[in-house]
Amino acid sequence: MELSFHSVLHLYQDQEMEDLILPNGGTPAGTSSPASSSSLLNRLQLDDDIDGETRDLFVTVDDPKKHVCTMETYITYRITTKSTRVEFDLPEYSVRRRYQDFDWLRNKLEESQPTHLIPPLPEKFVVKGVVDRFSEEFVETRRKALDKFLKRITDHPVLSFNEHFNVFLTAKDLNAYKRQGMALLSRVGESVKHVTGGYKLRSRPLEFAAIGDYLDTFALKLGTIDRIAQRIIKEEIEYLVELREYGPVYSTWSALEGELAEPLEGVSACIGNCSTALEELTDDMTEDFLPVLREYILYSDSMKSVLKKRDQVQAEYEAKLEAVALRKEDRPKVPADVEKCQDRMECFNADLKADMERWQSNKRQDFRQLLMGMADKNIQYYEKCLMAWESIIPLLQEKPEANGSPLVFIPWWSL
């Protein structure tokens, strides 16, 4: 009996592909997640109020310092680690790292943990003349992003135990370790890089096709929001410049007036208060809102990269199955390399689904917090403007003159 590719695929392909993962990170009723260590650990809910006593690894990034050398100028950050894990010789470590060290760590994690989603780093390059990468504002924004990057890894049940991560947190001389390298761990990712030349993936399983479609739409929407938000901030900055020129005019005008002097000074102070409130709102948008949008745009790119690697493993598996089908045997014996490839694909599927679930949980939490913060900042801004304008109303209301006759205030809009 001649066996076709589809019949062999039906016999040997992983049954977990029948489960459909939803765009919001859940699964349909009656299905279950794969029984892997990472998926079981990912059943835990990630919340801000997680009990600190249940965690055994804490990492913070702070104290940025500028270093001026003959050949270059760069910023380093202090990495403080506290842990009760047996993998650490000491309960606490403090090392200094620069951006390129974080970049090295991420590359090593991608090599040694190819089946997992590696958190993104903030963009390395900035537009010259637009952003000063040594300014206090830029350095602080980057510090926050690097701190979040390490915390993402720390919270991951697999990445946090990676040996490269351990070295990054503890080694006094990271450059020496970089030169030495770790050939054993580097070879772990080599198997994923092998792709059968010229073989085209027949089709993604529905669950992973849904993930791919969701990521495309998600990145498109965030990119649009990011561009509009940047235009809004630009317009707010331009408006702020006008307000700062507008307010003092009333103050200089008041010097020429008698009875109007106090109201004019009040208007000048009011505009100044509104300018301060607008500046705070713009800073919050720039420092808190935009970085989260950009992080998740990069996150979607990282997830697409992992999805592509999964597709490569599936393509290799399908090619091997097709080769088995062409042997025309009644009971084809599955070669060891085919079984190994199937195991690798199952591992990829389980890890990718678990990381997608974790990512969705983090995303919902982050954007809920982001949108609530944005609403709160806008409410504060408009409340400050309202209070500023209400404060000058008493100065504009009618006042009795010295002879007892009231000074009637006639609004300009009634003239």
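Residues numbered from 1 in each chain as written. Predicted model: local features only at pLDDT ≥ 70, side-chain atom pairs only at ≥ 80, totals over all residues. Heavy atoms only, no water.

Labelled according to an unreviewed UniProt entry, the chain appears under the name Sorting nexin-30, originating from Panthera pardus. Recorded in UniProt under Subunit (unreviewed entry), the annotation for the chain is "Heterodimer; heterodimerizes with SNX4." In UniProt, the chain has this text filed under Subcellular location (unreviewed entry): "Early endosome membrane". (UniProt positions renumbered as here; feature names shortened; annotations may be inferred.)

J.: So, the pairing of strand 2 (residues 73-83): which residues are in play, and what are the values?
T.: Within strand 2, 8 of the 11 residues are buried, which leaves the element mostly enclosed by the surrounding structure. Sheet topology note: the strand 1 (residues 57-68)/strand 2 ladder contains 10 bridges and is antiparallel. Bridge assignment links valine 68 to a residue of strand 2, and that residue is threonine 73. Linkage of strand 1 to strand 2, two consecutive antiparallel strands, is achieved through a turn of 4 residues. (Buried < 20%, exposed > 50% of the residue type's maximum accessible area, 1.4 Å probe, protein only. Helix = DSSP H or I, 4+ residues; strand = E, 2+ residues; numbered from the N terminus. Pairing = 2+ DSSP bridges.)

J.: How would you explain the nonpolar core if you had to name every residue and give the values?
T.: Membership of the largest hydrophobic core comes to 33 residues, with the highest contact counts inside it found for Phe218, Leu222, Phe289, Tyr296, Met303, Trp359 and Phe367. Of all the secondary structure elements, the ones that give two or more residues to this core are helix 9 (206-254), helix 10 (261-325) and helix 11 (336-391). Not counting chain neighbours up to four residues away, the residues in contact with phenylalanine 289 comprise Ile225, Ala229, Asp284, Leu370 and Met374. Listed in part, the 29 residues of the second largest apolar core include Ile75, Tyr77, Phe149 and Leu169. (Core = buried A, V, L, I, M, F, W, Y, C linked by side-chain atoms within 4.5 Å. Contact = heavy atoms within 4.5 Å.)

J.: Account for the side chain of arginine 97, with residues named and values stated.
T.: Inspection of the secondary structure puts arginine 97 in strand 3 (residues 92-98). One buried charged residue, arginine 97, remains without a salt bridge, the closest side chain of opposite sign being aspartate 101 at 4.9 Å. Apart from the residues within four sequence positions on either side, arginine 97 is in contact with Ile75, Thr76, Tyr77, Ile79, Phe102, Val167, Phe168, Thr170, Ala171, Lys172 and Leu174. (Lys, Arg positive; Asp, Glu negative; His and termini not counted. Salt bridge = Lys/Arg side-chain N within 4 Å of Asp/Glu carboxyl O.)

J.: Can you tell me about helix 10, naming the residues and giving the values?
T.: Across its 65 residues, helix 10 extends 94 Å between first and last C-alpha, which sits within 8% of the 96 Å expected from 1.5 Å per residue. The largest bend along helix 10 measures about 30° and falls at methionine 285. (Expected span 1.5 Å × (residues − 1). Bend = angle between axes of the 7 residues up to and from the residue.)

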